[in-house]
Protein chains: 2
Amino acid sequence: MMNAIIENVLIEKVTNQFHRSPRQMNQLHESDAEILKLPENANQVLAITTDSIVEEIALGVYDDPYLIGWMAVMVNMSDLAAVGARPLGILVSEVLPGSYPDTSLAALQRGIQDACAACQTYVLGGDTNFGTHLMLTGTALGTIDGSRTLSRVGCKPGDALYATGVLGGGNAFALSQITRPGNCILRFQPSARLNEGRTLTGIASTCMDTSDGVISTLDQLMRLSRVGFEIDEDWEKHLDPRSKELAGAFGIPSWLLLAGQHGEFELLFTIPQNSESMLHDAAEKIGWHPLRLGKAVEEQSIFLPLYGRTVNLDTQRIRNLAFQTDGDVGVYINSLLKIDDEIQKGAY
Amino acid sequence: MMNAIIENVLIEKVTNQFHRSPRQMNQLHESDAEILKLPENANQVLAITTDSIVEEIALGVYDDPYLIGWMAVMVNMSDLAAVGARPLGILVSEVLPGSYPDTSLAALQRGIQDACAACQTYVLGGDTNFGTHLMLTGTALGTIDGSRTLSRVGCKPGDALYATGVLGGGNAFALSQITRPGNCILRFQPSARLNEGRTLTGIASTCMDTSDGVISTLDQLMRLSRVGFEIDEDWEKHLDPRSKELAGAFGIPSWLLLAGQHGEFELLFTIPQNSESMLHDAAEKIGWHPLRLGKAVEEQSIFLPLYGRTVNLDTQRIRNLAFQTDGDVGVYINSLLKIDDEIQKGAY
């Protein structure tokens, strides 16, 4: 089932020769960050994760150096959030073009510092190289008290599905940047949901960040926990209103804000049936309002109410599109619109 | 004094906006890896470091996927070695060209796995992206028992200067690869000096790996500890014999094997006067023979016996060359040869 997804196959291909550390508590695919037992320390585990900002720069989705710096930190902090970790810091390896202007470099570094400050964490170190294209790799390190980590596996049918916040902002921003570079009317500067992730530890049955968009996230949770998800009738109220408006202005159906690959860096998580009140009590303490999206079901499919009926989405096709369109965003968007067209015509 | 070196100025420029973590035990420049106190654990500290393989690939020094994978691990493990850490593992972020052949990918991953096995460690995780050029970033994590870490600071005049093993192999390999791509008769596949680094903990006054070559390493140690180094008359016996031969065949004076920027990934370290016997006892236990290169002196210069006299090397000029020749290796080598010519003529 995992192998129906091109990205999962690629991950297997890249990792199949690697031996696994006996200290590593998570299996491949199972968690947003790697979880490690420390020698001589039973009360704390380490979480570590690495993520590069490459394609977003190449495609022009990120063109502002400040945002690039901010995101190099946040994509990694978001992975720490999804496992309930408290950040210790981040290392940043930068590849700078030989002619990179000092003002851009200063903005890039300010974005990195501001994102760290927003997460109450620090740059610990890094590496600087010169190359043809700007490229940033962050590696974030954190700790988790006790051994109760959040993972992507463990959801049961009947569990409620939630998001930490409104959805669709990542894809709306990407759409605008690709169509009208540099003129996006939306502010895209997500903050990792670290407090929310720590709050979910011991309450949520699964958790994963939406870095690849909501539908990819649901699809991955489905494959790992072998459950499906039924999205509520009123899901559109959980879309970011300005993103929905922007999609409308571009003639893009609003559900595609969940389908695109440029996520909003919220967390999706599931809550066992008898724990929903525990979630709300804990959330209230940090002034947070989780958004209920639907529930987990036996049948391993994603059911989304669309055009007056319940559509069983071909999430495999939707996820794999990003790997089949050779980085051509025009072709990618048209392929998504074709799926929408098929759904509207009832051919789906 | 630190600011005379272009690389140090670049590091300051990149990091000057960053706040420093209160958990971080090392200052900027002072150690090969970042050293962190863990919450609730007084008996162990973490070491973490990140390094990318970019320029070596772009220049053609590394053209074999297996070696590229091997080095992505070893450059980071070498930094852990230099602080006396025991590796917990590594994360590898890969940027692959869209058309990267499966056989090359398999060789790359085998190089990564073999290097991990050689260091008795593991790949913990990673990230895969697609881009125009192959590029690897590793981030290695380790632990240090107690708080006795090795750093680049603390050498006193009179301390003995040592290397973990023979020198010059990194620059001989780079010279050959750039001049006759793919036809190098030398085997270059360094192993991080992890056992030696741990042995040096509590004995050495400073330690640094030679990833940027011997002279750059000596120059950095000199600036950080405010001492100079006097190299012994018989230093040439510590050069790798085949590398010396190869340099000779290329008409390159053998001391330039210490001057070039592509290091051999040995450790350079200093031993207080009354601790040399402690070093030899400890080294014997792991079957290792440290090589004595010279000693630290008051005057902040690097003194190298050359052409029948003692030359006070302009290490600032030598180090900065790599940043002033715009990645043109021909110009770089000729600039080094010009320095040798000046020394031979006694103009230096």
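Please read these numbers as outputs of a predicted model, since none were measured by experiment.

**Student:** Can you walk me through the overall build of chain A in this structure?
**Tutor:** A count of helical and extended segments in chain A gives 12 helices and 12 strands. A globule of 348 residues ought to have a C-alpha radius of gyration of about 20 Å, and chain A, at 20 Å, matches this closely. Structurally, chain A occupies a C-alpha span of about 55 × 50 × 45 Å along its principal axes. Counting all 348 residues of chain A, 52% fall into the buried class. Long-range pairs, those at least 24 residues apart, make up 81% of the contacts in chain A with a sequence separation of at least 6.

**Student:** When you look at the relation of the copies chain A and chain B in this model, what are you seeing that I'm missing?
**Tutor:** The second copy of the chain is related to the first by a rotation about an axis and a shift along the axis. With an RMSD of 0.0 Å, chain A superimposes on chain B once it is rotated by 180 degrees and translated 0.0 Å along the axis. When the rotation and shift are considered jointly, the pair of chain copies conforms to a two-fold rotation axis. The fraction of interface residues of chain A whose copies in chain B are also interface residues reaches 98%, indicating that both copies meet through the same surface.

**Student:** Which parts of the structure should I look at to understand the domain arrangement of chain A?
**Tutor:** Size of an interface: often given as the accessible area lost when the parts come together. All names here are of chain A. Taken domain by domain, chain A comprises domain 1 (19-147) and domain 2 (150-348). Using only C-alpha atoms to locate each centre, domain 1 and domain 2 end up separated by 23 Å. Facing the 25 residues of domain 1 at the interface are 29 residues of domain 2. When residues of the side of domain 1 that touches domain 2 are traced back to their parent elements, those giving at least two are α3 (65-82) and β3 (86-97). Ranked by residues supplied to the side of domain 1 that touches domain 2, first place goes to α3 with 10 residues. A per-class count over the side of domain 1 that touches domain 2 returns 14 nonpolar, 6 polar and 5 charged.

**Student:** Where do I start with the sheet that holds strand β7 (residues 206-209) of chain A in this structure?
**Tutor:** Two pairing modes exist for strands in a sheet, parallel and antiparallel, and in both the strands are linked by backbone hydrogen bonds. All names here are of chain A. The 7 strands lie next to each other as β7-β9-β6-β10-β8-β11-β12, forming an open sheet whose pairing is mixed. This sheet does not close on itself; its edge strands, each paired only once, are β7 and β12 (309-313). When strand polarity is set aside, the average angle formed by the axes of neighbouring strands in this sheet is 25 degrees. Sheet analysis places strand β11 (residues 302-306) next to β12, joined by 5 bridges and oriented antiparallel. Bridging from a neighbouring strand, Phe303 pairs with Asn312 of β12.

**Student:** Could you clarify how one ought to interpret the packing of α3(A) against helix α4 (residues 102-118) of chain A in this entry?
**Tutor:** Residues and elements named next belong to chain A. Axis separation between α3 and α4 bottoms out at 7 Å; the angle between their running directions is 35 degrees. Handedness of the crossing formed by α3 with α4: right-handed. Facing Pro65, Tyr66, Leu67, Ile68, Gly69, Trp70, Ala72, Val73 and Met74 of α3, the residues of α4 in contact are Ser104, Ala107, Leu108, Gln109, Arg110, Gly111, Ile112, Asp114, Ala115 and Cys116. The class makeup of the residues in the contact of α3 with α4 is 13 nonpolar, 4 polar and 2 charged.

**Student:** Looking at this model, I keep getting lost on unusual backbone geometry. Mind explaining?
**Tutor:** The bulk of non-glycine residues show a negative phi, and the bulk of peptide bonds are trans. Residue and element names in this part refer to chain B. Notably, His29 is not glycine yet its phi reads approximately 75 degrees, a positive angle. With respect to the helices and strands, the residue His29 is situated in the loop between α1 (6-15) and β1 (34-38). At Tyr307, a position not held by glycine, the phi torsion is positive, near 50 degrees. Tracing the backbone through its elements, the reader meets Tyr307 in the loop between β11 (302-306) and β12 (309-313). Residue Tyr307 is classed as exposed on the basis of its C-beta count, with 12 C-beta atoms lying within 10 Å.

**Student:** Help me out: how do you make sense of the sheet that holds strand β10 (residues 291-297) of chain B in this one?
**Tutor:** Residues and elements named next belong to chain B. The 7 strands are arranged β7-β9-β6-β10-β8-β11-β12 in an open sheet whose pairing can be described as mixed. Unpaired on one side and paired on the other, β7 (206-209) and β12 mark the two borders of the sheet. On average, adjacent strands in this sheet sit at an angle of 25 degrees to one another, irrespective of strand direction. Across 4 bridges, strand β8 (residues 228-231) lies against β10 in antiparallel orientation. Bridge assignment links Ile231 to a residue of β10, and that residue is Gly294.

**Student:** Sorry, what's going on with the interface of chain A and chain B here?
**Tutor:** Every contact between the two is made by 51 residues of chain A and, on the other side, 50 residues of chain B. Mapped onto the side of chain A that touches chain B, the elements with two or more residues apiece are α1 (6-15), β1 (34-38), β2 (41-53), α2 (55-58), β3, α4, β4 (123-131) and β5 (135-145) of chain A. For the side of chain A that touches chain B, the class distribution of residues is 18 nonpolar, 24 polar and 9 charged.

**Student:** Explain helix α8 (residues 241-249) of chain A to me, please; I cannot follow it from the model alone.
**Tutor:** Structural remark: α-helix, 3.6 residues per turn; residues separated by three or four positions point the same way. Residue and element names in this part refer to chain A. Three or more residues of α8 are buried, namely Ser243, Lys244, Leu246 and Ala247. Around the axis of α8, the buried residues are gathered within 160 degrees of arc, so they sit on the same side. Exposed residues on α8 whose side chains face more than 90 degrees from its buried face are Pro241, Gly248 and Ala249. Those residues of α8 hidden inside the fold are in contact with α5 (169-179) and α9 (256-259). Immediately beyond the C-terminal end of α8, within one or two residues, lies Gly251, with a positive phi of roughly 75 degrees.

**Student:** Looking at this structure, I do not really get the pairing of strand β5 (residues 135-145) of chain B. What am I missing?
**Tutor:** Successive residues of a regular strand alternate their side chains across the two faces of the sheet. Residues and elements named next belong to chain B. Counting buried residues along β5, 10 of its 11 residues qualify, which places the element largely inside the surrounding structure. Examined bridge by bridge, strand β2 (residues 41-53) and β5 share 10 bridges and lie antiparallel to one another. In the strand pairing of β5, Thr50 is matched with Thr139. One ladder, built from 9 bridges, connects strand β3 (residues 86-97) with β5; its direction is antiparallel. Each residue of the ladder has a partner; that of Gly89, found in β5, is Leu141.

**Student:** Would you take a moment to explain the environment of B:Ile178 for this structure?
**Tutor:** Residues and elements named next belong to chain B. Looking at the secondary structure, you find Ile178 in helix α5 (residues 169-179). The exposure class of Ile178 is partly exposed, given the 17 C-beta atoms found within 10 Å. Residues within four places of Ile178 in sequence aside, it is in contact with Leu59, Gly60, Val61 and Val329.

**Student:** Sorry, what's going on with the environment of A:Gly228 here?
**Tutor:** Residue and element names in this part refer to chain A. Along the polypeptide, Gly228 turns up in strand β8 (residues 228-231). For the pair Gly228 and Lys338, spaced 110 residues apart in sequence, the C-alpha to C-alpha distance is 24 Å. Those residues in contact with Gly228 that sit more than four places away from it in its chain are Met222, Ala296, Val297, Glu298, Glu299, Gln300, Ser301, Ile302 and Phe303.

**Student:** What exactly am I supposed to notice about the pairing of strand β6 (residues 160-163) of chain A here?
**Tutor:** All names here are of chain A. Here β6 shows no split at all, with Ala160 and Tyr162 on one side and Leu161 and Ala163 on the other all buried. Bridge analysis of β6 against strand β9 (residues 267-271) gives 4 bridges, and the strand direction is antiparallel. Looking at the pairing, Ala160 lines up with Ile271 of β9.

Conventions and cut-offs
- Residues numbered from 1 in each chain as written.
- Chains lettered and ligands numbered in written order.
- Predicted model: local features only at pLDDT ≥ 70, side-chain atom pairs only at ≥ 80, totals over all residues.
- Helix = DSSP H or I, 4+ residues; strand = E, 2+ residues; numbered from the N terminus.
- Rg over C-alpha atoms; globule rule 2.2 N^0.38 Å.
- Buried ≥ 20, exposed ≤ 12 C-beta atoms within 10 Å, placed from the backbone.
- Contact = placed C-beta atoms within 7 Å.
- Least-squares fit on C-alpha atoms with pLDDT ≥ 70 in both.
- Domains from an automatic or database assignment.
- Nonpolar A, V, L, I, M, F, W, Y, C, P; charged D, E, K, R; others polar.
- Pairing = 2+ DSSP bridges.
- Axes fitted to C-alpha atoms, helices over the stretch in contact; angles between N-to-C directions.
- Left-handed = near helix turned anticlockwise from the far one by under 90°.
- Arc of directions from axis to C-beta.

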